[in-house]
Amino acid sequence: TNFVLPRFKNQSQAELCDKYLQSKGFIVRRVDGYNLPEALRITVGDQRTCEKIVNVIEEFLAGQK
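Cut-offs applied
- Residues numbered from 1 in each chain as written.
- Predicted model: local features only at pLDDT ≥ 70, side-chain atom pairs only at ≥ 80, totals over all residues.
- Heavy atoms only, no water.
- Core = buried A, V, L, I, M, F, W, Y, C linked by side-chain atoms within 4.5 Å.
- Buried < 20%, exposed > 50% of the residue type's maximum accessible area, 1.4 Å probe, protein only.
- Helix = DSSP H or I, 4+ residues; strand = E, 2+ residues; numbered from the N terminus.
- Contact = heavy atoms within 4.5 Å.
- Expected span 1.5 Å × (residues − 1).
- Arc of directions from axis to C-beta.
- Polar contact = N/O pair within 3.5 Å; in protein donor to acceptor, adjacent residues only side chain to side chain.
- Phe/Tyr/Trp six-rings, centres within 6.5 Å; stacked < 30°, edge-to-face > 60°.
- Lys NZ or Arg CZ within 6 Å of the ring centre and 35° of its normal.

Draft legend 1. Representation of the nonpolar core within the structure. Formed by Phe 8, Ala 14, Cys 17, Leu 21, Phe 26, Val 28, Leu 40, Ile 42, Ile 53, Val 56, Ile 57 and Phe 60, the largest nonpolar core amounts to 12 residues. Take this core: its biggest share by element is 4 residues, from helix H2 (residues 47-63). Apart from the residues lying within four places of it in its own chain, the contact partners of Ile 53 are Leu 21, Phe 26, Val 28 and Ile 42.

Draft legend 2. Quick look at helix H1 (residues 11-23). Counted at 1.5 Å a residue, the expected span for H1 with its 13 residues is 18 Å, and the 19 Å between its end C-alpha atoms agrees. Three or more residues of H1 are buried, namely Gln 13, Ala 14, Cys 17, Asp 18 and Leu 21. With its buried residues spanning 140° around the axis, H1 presents them on a single face. Structural note: H1 exposes Lys 19 and Ser 23 on the side pointing more than 90 degrees away from its buried face. Buried residues along H1 sit in contact with strand S2 (29-30), strand S3 (40-43) and H2. Its side-chain oxygen placed 3.2 Å from the backbone nitrogen of Ser 12, Asn 10 serves as the N-cap of H1. A positive backbone phi angle near 95° is found at Gly 25, which sits one or two residues after H1.

Draft legend 3. Structural view of the packing of aromatic side chains. Using the criterion set out here, one finds 1 aromatic pair in the structure. Each ring, one from Tyr 20 and one from Phe 60, has its centre 5.8 Å from the other, and the planes form 40°; the classification is tilted. Note that Tyr 20 is positioned in helix H1 and Phe 60 in helix H2, a separation of 40 residues in sequence. Here the guanidinium or amino end of Arg 41 rests over the ring plane of Phe 3, the centre of that ring lying 4.0 Å away.

So yeah, pure geometry; function would need other evidence.
If you want it as structure tokens, here you go:
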């Protein structure tokens, strides 16, 4: 597999994270069509890019508290 599928608390949180990632320059895919509205599909890139996207998701989640 060349992607990861992080799951969020619900569809709303996944949508908000998608928008947050877009604002930071990352394009991911929503997977509502696969009956996974609470998840995002993120293609795995090089190590540096993977670390960046993890950090951005952590920033987003920290702001959700």
